[in-house]
Amino acid sequence: MNQDLRRKLDRITDILWAGGVTNPVTYIEQISYLIYLKLLDEEESSRELKIRLTGNEKNGNNTLLFPKQAERYRWIKWRFKSGPDLRDFVRDEVFPYMASLVKEEPQIAEYFRDAVLEITDPNVLKQVVDEIDSIQFAKLGADIKGDIFEYLLTHLGQSALNGQFRTPRQIRAMMVELLDPDLGDTIYDPACGTGGFLIDSVEYILAKYSAEPQEVPIYGEEWLEKREQELDEAKKEIPALQTYRKGRGEKILDWGLLEQSIYGMDVSRQMMRIAVMNLVLHGIRKANVKRANSLSDMGGLSEDDLNRRYKIILSNPPFAGTLPKESIRKDLPTNSKKSELLFLGIMMEALAPGGQCAVVVPEGLLFGSTSAHVELRRKLVEDYDLLAVISLPAGVFKPYAGVKTGVLVFRRPSMNTKKNKKTKEKEKVWFYEVHADGYDPDKIQGGGRPETPERNDIPDLLTQWRNYKKSGFKEPPGVEAGTMLPSESVEPSCWWTTIRTVVANDYNLAAGRYKPQIAEKAPDEDPKELIKDTLALEREIAHGLEKLLRELDKVE
């Protein structure tokens, strides 16, 4: 994304902020409405051109969004309005028209359902419309359009809504790479927020199907520009630099297959809209993202939603909160009312045979002693393939939350895979302790944590994971739990234990429970000399006490 485009986005931010739109979520939502209207206008121009070239108005993608009687709702028709006339027309006519397209364009109608224009100052609205009008989205690649929205989302920081917070890119990128999604895999996030995991999965697949994928630092291309370095130079200087790949995906022959494989839900309509716009700007126009409460029987889930199974599930669901028992879905493998247990239960249930899940959980879920905690962990350990437990640093979600978290990575066994108890107990669980994630764990600057690219364990974790995967997840890296390491050993970053040991520990999955210990270093001094010194010290103490006793006798 070039500097000119970045300056335009900064101007929009400044205009809205000065105009009183200061809530970051509202700010993103309002911009999303206007960008979507501009994109629809550009799409209409493309369809008009196809009709002129083919003479066919009935072909699916050639059907006009704004037939003659509705042309006045097109961006190009009202963008020159100003003052209250502009505000009132957009608010009272354009938004309702878009929400009315239930039969013709159900996704557009759903997007604008209950939409409210909250830019009340006509002059502010006019300035924002003019800035957006100057961006020709049709001439930008999907990667640039995606970068636009990611740049806007930085104004959310890691904060979001209702106790949710955005998962940092370095953690999202790590989790996506762990699961290695591919074209045709159904990908699901039951608490998708702004769509970060879905977007990162799409980008990962696009890079896989690109002739020349581009490697990018997790801090963005601007980070390299500021350092005046090429990526190879930065990687040579900083071996621990974490990167991810981007690409155009030109080798994908069926784009519809990719679009139809993306599924997301969020209880917040604002978050749903932001996620949809995020996906649209990344080229995914027909993703299956909807507003629904995935925990509840009364949360807007269809029968298809309840019965669908997914190959890839990635999520960082909200941890706080409980649901009334009457509202909770009856098909979940837990009777708890706690949201973190319910979300884990949803993901276990929603996995297809052979499917994989990576989910952020509060560390308390890993060792909680309530019957609900223990029972859900028992089902996870005994009925699924628990591949890894990754301990994350306490500061990952600062400044918005200091809760200690981990990542569970597990797989649902294939339908024809049946293991006896003895075989299952011999299976291994891998633990990795991430001490550093590329950002300072303690400092907060400018609303976020400062970059520390030289301190990041995630690249090593991914290297170790690839070796683990090559063994068919049979030989986890590191040493066995309970091993006493020599005193000169470096503190281990990873280790493993057997299912039998986990069962014996009441299904406790806290990484620290099984961490190998390092023996204390033996003293360098000669033991004889130590004994002599000790005896001499004791004689000195005894002599002092005898002297004190004699003095006390004299006083008497």
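Residues numbered from 1 in each chain as written. Predicted model: local features only at pLDDT ≥ 70, side-chain atom pairs only at ≥ 80, totals over all residues. Heavy atoms only, no water.

The protein is annotated in an unreviewed UniProt entry as site-specific DNA-methyltransferase (adenine-specific) of Abyssobacteria bacterium. Quoted verbatim from the Catalytic activity (unreviewed entry) field of UniProt, the annotation for the protein is "a 2'-deoxyadenosine in DNA + S-adenosyl-L-methionine = an N(6)-methyl-2'-deoxyadenosine in DNA + S-adenosyl-L-homocysteine + H(+)". Regarding the protein, the UniProt comment filed under Sequence similarities (unreviewed entry) reads as follows: "Belongs to the N(4)/N(6)-methyltransferase family." (UniProt positions renumbered as here; feature names shortened; annotations may be inferred.)

A.B. asks: What is the right way to read empty space enclosed by the protein from this model?
C.D. replies: Summary: where empty space remains is shown by rolling a probe the size of a single water molecule over the atoms. According to the stated counting rule, one finds 2 cavities of 30 Å³ or more in the structure shown. Of the pockets and cavities examined, the second largest cavity occupies roughly 60 Å³. Secondary-structure elements contributing two or more residues to the lining of the second largest cavity are helix H14 (303–307) and helix H15 (339–350). Broken down by element, the lining of the second largest cavity gets its largest block of residues, 3 residues, from H15. Of the residues in the lining of the second largest cavity, the class split is 5 nonpolar, no polar and 5 charged. Lining the lining of the second largest cavity are residues from two domains, each supplying at least three of them: domain 2 (142–212 + 247–306) and domain 3 (317–516). (1 Å grid on protein atoms, 1.4 Å probe; cavity = no way out; pocket = protein on both sides within 12 Å on 5 of 7 lines; lining within 4 Å. Points joined across faces, edges and corners; volume = space filled by probe spheres on them. Helix = DSSP H or I, 4+ residues; strand = E, 2+ residues; numbered from the N terminus. Nonpolar A, V, L, I, M, F, W, Y, C, P; charged D, E, K, R; others polar. Domains from an automatic or database assignment.)

A.B. asks: What is the right way to read the sheet that holds strand E4 (residues 262–266) from this model?
C.D. replies: In a beta sheet, neighbouring strands are held together by backbone hydrogen bonds and run either parallel or antiparallel to one another. Strand order in the open sheet formed by 10 strands is E5-E4-E1-E6-E7-E9-E8-E10-E15-E13, and the pairing between neighbours is mixed. Only two strands of the sheet have a single neighbouring strand rather than two, namely strand E5 (288–291) and strand E13 (479–480). Both strand E10 (residues 428–433) and strand E15 (residues 494–498) contribute to a ladder of 5 bridges, which runs antiparallel. When the sheet's bridge partners are listed, Lys428 is paired in E15 with Thr498. Together, E4 and E5 form the strand contacts of helix H13 (residues 269–281), whose direction differs from that of E5 by roughly 160°. On top of the sheet, H15 reaches strand E1 (187–189), strand E6 (310–315), strand E7 (351–362) and strand E9 (405–411); it is set at about 160° to E7, its chief contact. (Pairing = 2+ DSSP bridges. Contact = heavy atoms within 4.5 Å. Axes fitted to C-alpha atoms, helices over the stretch in contact; angles between N-to-C directions.)

A.B. asks: What is the right way to look at helix H6 (residues 122–133) in this model?
C.D. replies: In a regular helix each residue adds 1.5 Å, so 12 residues correspond to 16 Å; H6 covers 16 Å between its end C-alpha atoms and thus fits that length. With 9 of 12 residues buried, H6 is to be regarded as a mostly interior element. Those residues of H6 lying buried are Pro122, Val124, Leu125, Lys126, Val128, Val129, Glu131, Ile132 and Asp133. Structurally, the start of H6 carries an N-cap: the backbone nitrogen of Asn123 is 2.9 Å from a side-chain oxygen of Asp121. (Expected span 1.5 Å × (residues − 1). Buried < 20%, exposed > 50% of the residue type's maximum accessible area, 1.4 Å probe, protein only. Polar contact = N/O pair within 3.5 Å; in protein donor to acceptor, adjacent residues only side chain to side chain.)

A.B. asks: I tried to follow the packing of aromatic side chains on my own but got confused; where do I start?
C.D. replies: The description of an aromatic ring pair uses the distance of the two centres, along with the angle that the planes make with each other. A full pass over the atoms with the stated rule returns 23 aromatic pairs. Plain terms: the ring middles of Tyr219 and Trp223 are 5.2 Å apart, the flat faces sit at 45° to each other, and that makes the pair tilted. The class for Tyr219 is buried, based on a relative accessible area of 11%. Judged by relative accessible area, Trp223 falls into the buried class, the value being 8%. Aromatic side chains Tyr384 and Phe410 sit 5.8 Å apart centroid to centroid with 85° between the ring planes, which places their arrangement in the edge-to-face category. Remark: Phe410 occurs in strand E9 and Tyr384 occurs in the loop between helix H17 (371–383) and strand E8 (385–391); sequence separation between them is 26 residues. Look at Tyr384 and you get buried, because its relative accessible area is 7%. Pairwise contacts between aromatic rings join Tyr33, Tyr36, Phe95, Tyr111 and Phe112 into one cluster. In this arrangement the basic side chain of Lys81 is found over the ring face of Phe89, its NZ or CZ atom lying 4.9 Å from the centre. (Phe/Tyr/Trp six-rings, centres within 6.5 Å; stacked < 30°, edge-to-face > 60°. Lys NZ or Arg CZ within 6 Å of the ring centre and 35° of its normal.)

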